[in-house]
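# Overview (structure and organization)
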Amino acid sequence: LELRTPLLLPPASEAAVIRAEQKALDAQRQAAEWNLDAAKKERLPKLTGFGDFGVFGASPTQNLSTYQIGARLTVPLWTSGRLDAQIAKARLAVEQAQTARRREDLRIEQEIAAAREEYRATQATIERLTAQLNAARETVELTKLRVEAGLATATDSTTAQAIVAETEESLIRTRYGQQVA
């Protein structure tokens, strides 16, 4: 089994492009900005048109066609503060969306920093376990020589091999943790 050294984590600006949470917050901010624009445009005059066609009469042969066409111009002169309140509410929604986006950016940066520190810590642990594994393998060889010379028992050899197996298992778990980080 050969594990490759993983690539370092991207900066937070790249992570923001990747994450769905950031895209959702951007969409919320965009919607809040559109609502603010709509609230501001409520102050503008409105021109509406209308039309109607119908018939009037006592019988189908005596009906007269009726037409009605018109236009209406509405100018909001006084709205008792309703438009100001809508604009203030829309501005607040935009600010809340921007704050949520900044909070999410900071959370992502914190996650990335924690992952980098965890990666560095596991790298140091891997180096320590590799040295420990080499020492355990050397102990196994020395124990074999001592068993052959009659200075140690088979139990000592088994204990040394168990230490090698435990160290290898710890090294594998640490490498897995590094890949997760």
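Treat the numbers as computed from the prediction; the structure is a model and nothing was measured.

## Section: the nonpolar core
What tends to happen in soluble globular proteins is that the nonpolar side chains get buried as a cluster. Counting eight residues, the largest nonpolar core is built from Ile 126, Leu 129, Leu 133, Ala 136, Val 140, Ala 160, Val 164 and Leu 171. Listed by contribution, the elements that provide at least two residues to this core are helix H3 (82–148) and helix H4 (154–180). Ranked by residues supplied to this core, first place goes to H3 with five residues. Ignoring anything within four residues of it in the chain, the contact list for Leu 129 reads Thr 167, Ser 170, Leu 171 and Thr 174. Of all hydrophobic cores here, the second largest spans six residues; its members include Ala 32, Leu 36, Ile 87 and Val 94.

## Topic: the pattern of salt bridges
Summed over all chains, the structure comprises eleven salt bridges. A salt bridge links Arg 29 to Glu 33, with the shortest nitrogen-to-oxygen separation between them at 3.1 Å. Here the residue Arg 29 and the residue Glu 33 both occupy positions in helix H2 (residues 20–41), the gap between them amounting to four residues, near one helical turn. Among the ionic contacts, a cluster of salt bridges with common partners joins Glu 21, Glu 104, Arg 107 and Glu 111.

## Description of the environment of Trp 34
One can find Trp 34 in helix H2. Remark: the alpha-carbon pair of Trp 34 and Val 94, spanning 60 residues in sequence, is separated by 9.3 Å.

## A few points about the side chain of Thr 122
Along the chain, Thr 122 turns up in helix H3. Here Tyr 119 takes part through its backbone oxygen, which lies 2.8 Å from a polar atom of the side chain of Thr 122. Look past the residues within four positions of Thr 122 in its chain and what remains in contact with it is Thr 174, Gly 177 and Gln 178.

## Some points on H2
Taking 1.5 Å as the rise per residue, H2 with 22 residues should run 32 Å; its terminal C-alpha atoms sit 32 Å apart, in good agreement. What H2 keeps buried is the set Gln 22, Leu 25, Ala 32, Leu 36 and Ala 39. Buried residues of H2, seen end-on, are gathered within an arc of 105 degrees and therefore sit on one face of the element. Turned more than 90 degrees away from the buried face of H2 sit Ala 20, Lys 23, Trp 34 and Lys 41, all of them exposed.

## So, the packing of aromatic side chains
Taken as a whole and judged by the stated rule, the model has one aromatic pair. The interplanar angle of 45 degrees and the centroid separation of 5.1 Å between the aromatic rings of Phe 53 and Tyr 67 together place this pair among those described as tilted. Taken together, the residues span a long stretch of sequence, with Phe 53 in strand E1 (residues 46–56) and Tyr 67 in strand E2 (residues 64–74) at a distance of 14 residues. Given a relative accessible area of 63%, Tyr 67 falls into the exposed group.

## Observations concerning the packing of H3 against H4
Where H3 contacts H4, the two axes come as close as 9 Å, and the packing angle between them is 165 degrees. Overall, the two elements H3 and H4 adopt an arrangement that is roughly antiparallel. In this structure, H3 crosses over H4, and the sense of that crossing is left-handed. Here the residues of the contact of H3 with H4 are counted per class, giving eleven nonpolar, 14 polar and six charged.

Reading guide: rules and limits
Residues numbered from 1 in each chain as written. Predicted model: local features only at pLDDT ≥ 70, side-chain atom pairs only at ≥ 80, totals over all residues. Heavy atoms only, no water. Core = buried A, V, L, I, M, F, W, Y, C linked by side-chain atoms within 4.5 Å. Buried < 20%, exposed > 50% of the residue type's maximum accessible area, 1.4 Å probe, protein only. Helix = DSSP H or I, 4+ residues; strand = E, 2+ residues; numbered from the N terminus. Contact = heavy atoms within 4.5 Å. Salt bridge = Lys/Arg side-chain N within 4 Å of Asp/Glu carboxyl O. Polar contact = N/O pair within 3.5 Å; in protein donor to acceptor, adjacent residues only side chain to side chain. Expected span 1.5 Å × (residues − 1). Arc of directions from axis to C-beta. Phe/Tyr/Trp six-rings, centres within 6.5 Å; stacked < 30°, edge-to-face > 60°. Axes fitted to C-alpha atoms, helices over the stretch in contact; angles between N-to-C directions. Parallel < 35°, antiparallel > 145°, perpendicular 65-115°, else oblique. Left-handed = near helix turned anticlockwise from the far one by under 90°. Nonpolar A, V, L, I, M, F, W, Y, C, P; charged D, E, K, R; others polar.

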